[in-house]
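Letter by letter, the chains look like this.
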Amino acid sequence: MSKIANKSQIIIACPNTLFHLYVNSEEEISKIETFMRNIRSISTLHLTDVYQWCNRQGICYDTSFNFHRELPLWTNMKLYYNYFIQKLKYQEKWNPAIAA
């Protein structure tokens, strides 16, 4: 994580996950702005959409689970399980910030 300490951070909030995108240049900011404009026209945004986009564009990111107090514990546990599986599937394999 020390490689990303000096970069700017942009947060994308999905229903159960916060994506912390770390940008290092104007080019990366431009890519993220284009992505944000494109997702406004989408009715639903899935975790895999953001994971795959970040990996294709080479944007360093980290994620955190967003616990919902208004939901029952069992529902939050299922949502966390889904978050954890997706994180293992995409982040460790493709994210250079985690692999280093």
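Residues numbered from 1 in each chain as written. Predicted model: local features only at pLDDT ≥ 70, side-chain atom pairs only at ≥ 80, totals over all residues. Heavy atoms only, no water.

A. Broad picture of the sheet that holds strand β1 (residues 8-13). The strand order β1-β2-β3 describes an open sheet built from 3 strands, whose pairing is antiparallel. Two strands close off the open sheet at either side, each with one partner strand: β1 and β3 (60-65). Pairs of neighbouring strands in the sheet enclose a mean axial angle of 25°, with direction left out of account. Two elements, strand β2 (residues 17-23) and β3, share 6 bridges in a ladder whose sense is antiparallel. Its bridge partner being in β3, Thr17 is matched across the sheet by Phe65. In the packing of helix α1 (residues 26-39) onto the sheet, the strands contacted are β1 and β2, and the crossing angle to β2 comes to about 145°. (Pairing = 2+ DSSP bridges. Helix = DSSP H or I, 4+ residues; strand = E, 2+ residues; numbered from the N terminus. Axes fitted to C-alpha atoms, helices over the stretch in contact; angles between N-to-C directions. Contact = heavy atoms within 4.5 Å.)

B. Representation of the pairing of β2. Of all the 7 residues making up β2, 6 are buried; the element is thus mostly covered by neighbouring parts of the structure. For β1 and β2, the ladder comprises 6 bridges, and the chain directions are antiparallel. For Ile11, the partnering residue across the bridge sits in β2 and is His20. Counting the residues that bridge the hairpin from β1 to β2 gives 3 residues. (Buried < 20%, exposed > 50% of the residue type's maximum accessible area, 1.4 Å probe, protein only.)

C. Expanded view of the side chain of Asn76. Note on placement: Asn76 falls in helix α3 (residues 73-94). Beyond its immediate stretch of four places on either side in the chain, Asn76 contacts Phe65, Phe67, His68 and Leu71.

D. Structural context of helix α2 (residues 47-57). All of the buried residues in α2 are Leu47, Val50, Tyr51, Trp53, Cys54 and Asn55. One or two steps after α2, the chain reaches Gly58, where phi turns positive at roughly 75°.

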